[in-house]
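Descriptive structure summary
Residues per chain, in single letters:
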2 protein chains.
Amino acid sequence: MRIGELAQASATTIETIRFYEREGLLASPARTEGNYRIYTAAHADRLGLIRQCRNLDMTLDEVRVLLRFKDQPQADCGQVNDLLDQHIGHVAQRIRELRALEGELRTLRRQCTAPHAVADCGILQGIEDAAGQGGNGVGHQGLTARTRTLSR
Amino acid sequence: MRIGELAQASATTIETIRFYEREGLLASPARTEGNYRIYTAAHADRLGLIRQCRNLDMTLDEVRVLLRFKDQPQADCGQVNDLLDQHIGHVAQRIRELRALEGELRTLRRQCTAPHAVADCGILQGIEDAAGQGGNGVGHQGLTARTRTLSR
DNA sequence: TCAAACCCTGTAGTGAGTGTAGAGTCAAGC
DNA sequence: GCTTGACTCTACACTCACTACAGGGTTTGA
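Residues numbered from 1 in each chain as written. Chains lettered and ligands numbered in written order. Predicted model: local features only at pLDDT ≥ 70, side-chain atom pairs only at ≥ 80, totals over all residues. Heavy atoms only, no water.

A few points about the overall build of chain A
For chain A, the helix and strand inventory stands at six helices and two strands. Burial analysis of chain A (152 residues in total) assigns 46% to the buried set. At a minimum sequence separation of 6, the contacts of chain A that also span at least 24 residues come to 48%. A total accessible area of about 7900 Å² is found for chain A, and carbon and sulfur atoms account for 48% of it. (Helix = DSSP H or I, 4+ residues; strand = E, 2+ residues; numbered from the N terminus. Buried < 20%, exposed > 50% of the residue type's maximum accessible area, 1.4 Å probe, protein only. Contact = heavy atoms within 4.5 Å. Areas by Shrake-Rupley, 256 points an atom, 1.4 Å probe, with all protein chains shown as cover.)

Quick look at the structure:
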């Protein structure tokens, strides 16, 4: 199949597939005379595995490691377990951080209920006070990654 | 004070301070004859505010908006509240996503307890099965940002 | 023969910085 | 005056996992 078909079948974009090839995650497929990529079912399987790992929020480096294990079926799977344990640890850590952050934000938010001038706003005051104290909040221990919802 | 001193005082790096200046978040300071930046207490306050907002996991765009409000003390603070409410919404959303993800990962992890060959590993099997089904997990609805813990 | 749909390569952009090269400045000690 | 070391300067490339172009070539159906 051609790249467009594979993209549709895997709910990926064409650009992402080409990106995975550049990154060495997906083997370079054969080409037609007109230089179009032609993929096999093996490519589709591999891409599916990569996407599923990404859905599990693994980095591409983690995916690379997993794929390497998969290509050595005789190896001991203990390291696969370690990889997953570490990953679970990251996720749990991030949840703890975000929960603490949410608490801080809600506390801050409570400092302004009725609308008034910015100069008297409890929220800005609260942020400034925390800044002045050198910030003893959550983030100072090191927040991890962005919070943003892309709402795809 | 010079940039190194400000960096120490604000627990920031020199590069980050210069980056904020380039981005227009921090006003360009005066220079010495030798072209060194010289900061005032006002700069330090501003930087403290920016860092505190970043500790609250706001984007630089959100910080920009907040700073603009701060520079118009007469304005109504309702929009500051809106900004914070939206931000709290993002954080709460991200927590929900990560909790679902954590559940999925723990389910997957349970599929391999005793060490054996990769070929028979329940974890890899589990990921592949999910991939084959088109992945009905969390991530498919759209995970938001990375999980990574940088452990600074 | 023509248009539409598809595909190609190469490059630049995202956010929020981090890291480096290669140069200049400044203060202290000799 | 000279040297050493700490500090600072600009400019640029790199991170991650894509995404979005520009400017071309290929294929397919009418």
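Quick notes on the packing of helix α4 (residues 60-70) of chain A against helix α5 (residues 78-109) of chain A
All names here are of chain A. Orientation of α4 relative to α5, taken along the N-to-C sense of each, is 160 degrees, at an axis distance of 10 Å. By the angle between their directions, the pair α4 and α5 is classed as roughly antiparallel. Crossing angle aside, the handedness with which α4 passes α5 is left-handed. Within the contact between the two elements, α4 uses Glu62, Val65, Leu66 and Phe69 and α5 uses Gln79, Val80, Leu83, His87 and His90. Classifying every residue of the contact of α4 with α5 gives five nonpolar, three polar and one charged. (Axes fitted to C-alpha atoms, helices over the stretch in contact; angles between N-to-C directions. Parallel < 35°, antiparallel > 145°, perpendicular 65-115°, else oblique. Left-handed = near helix turned anticlockwise from the far one by under 90°. Nonpolar A, V, L, I, M, F, W, Y, C, P; charged D, E, K, R; others polar.)

Points about the confidence of the model for chain A
Residues and elements named next belong to chain A. The predicted model of chain A has a mean per-residue pLDDT of 84, with 86% of residues at 70 or higher. Per-element averaging of pLDDT across chain A places helix α6 (residues 122-132) at the bottom with 78 and strand β2 (residues 37-38) at the top with 98. Between residues 148-152, whose pLDDT stays under 50, and residues either more than four places distant or in other chains, the model counts 14 contacts. (pLDDT = per-residue confidence, 0-100.)

Looking at the protein's contact with DNA strand C
Within the structure, DNA strand C sits among 21 residues, and Arg18(A), Arg37(A), Thr16(B), Tyr36(B) and Arg54(B) are positioned closest to it. Each atom of DNA strand C within 4 Å of the protein was classed as base or backbone; sugar and phosphate made up 78%. One nitrogen or oxygen atom from the side chain of Arg54(B) is found 2.7 Å from a phosphate oxygen belonging to DNA strand C. For the surface near DNA strand C, the element with the highest residue contribution is helix α2 (residues 14-22) of chain B, accounting for four residues. When the residues that make up the surface near DNA strand C are grouped by side-chain class, the tally is seven nonpolar, six polar and eight charged. (Near = heavy atom within 4 Å. Polar contact = N/O pair within 3.5 Å; in protein donor to acceptor, adjacent residues only side chain to side chain.)

A look at the nonpolar core
In this structure, Ile127(A) and Ile127(B) are the most contacted members of the largest nonpolar core, which totals 73 residues. In contact with Ile127(B), other than residues within four places in its own chain, are Leu49(A), Gln52(A), Cys53(A), Leu56(A), Met58(A), Leu66(A) and Leu108(B). (Core = buried A, V, L, I, M, F, W, Y, C linked by side-chain atoms within 4.5 Å.)

Some details on the side chain of Glu102(A)
Mapping Glu102(A) onto the fold places it in helix α5. Glu102(A) gets classed as buried once you look at its relative accessible area, which sits at 16%. Leaving out residues up to four positions away in the same chain, Glu102(A) has contacts with Val91(B), Ala92(B) and Ile95(B).

With respect to helix α2 (residues 14-22) of chain A
All names here are of chain A. When α2 is considered as a whole, its buried residues turn out to be Ile17, Tyr20 and Glu21. Projection of α2 onto a plane perpendicular to its axis shows the buried side chains occupying an angular sector of 100 degrees, all on one side. Turned more than 90 degrees away from the buried face of α2, the exposed residues are Glu15 and Arg22. Buried-residue contacts for α2 involve α1 (3-10), β1 (30-31), β2, α3 (41-55) and α4. (Arc of directions from axis to C-beta.)

Some details on unusual backbone geometry
Unusually for a residue other than glycine, Asn35(A) sits at a positive phi of about 75 degrees. Inspection of the secondary structure puts Asn35(A) in the loop between β1 and β2.

Here's the deal with the packing of α2(A) against α3(A)
Residues and elements named next belong to chain A. The contact between α2 and α3 brings their axes to 12 Å, and the two run at 100 degrees. When the axes of α2 and α3 are compared, the pair comes out roughly perpendicular. Of the residues in α3, those touching α2 at Thr16, Ile17 and Tyr20 are Leu47, Ile50, Arg51 and Arg54. Here the residues of the contact of α2 with α3 are counted per class, giving four nonpolar, one polar and two charged.

Remarks on the protein's contact with DNA strand D
Close contacts around DNA strand D come from 22 residues, with Tyr20(A), Tyr36(A), Arg54(A), Arg18(B) and Arg37(B) the closest. Counting only the atoms of DNA strand D that lie within 4 Å of the protein, the sugar and phosphate share comes to 78%. One of the backbone N or O atoms of Gly4(B) is found 2.9 Å from a phosphate oxygen in DNA strand D. Arg31(B) is positioned with one of its side-chain polar atoms (N or O) 2.9 Å from a phosphate oxygen of DNA strand D. Looking at the surface near DNA strand D, the elements with two or more residues in it are α2 and α3 of chain A together with α1 (3-10) and α2 of chain B. In terms of residue count, the dominant contributor to the surface near DNA strand D is α2(A) (four residues). For the surface near DNA strand D, the residue count by class is seven nonpolar, six polar and nine charged.

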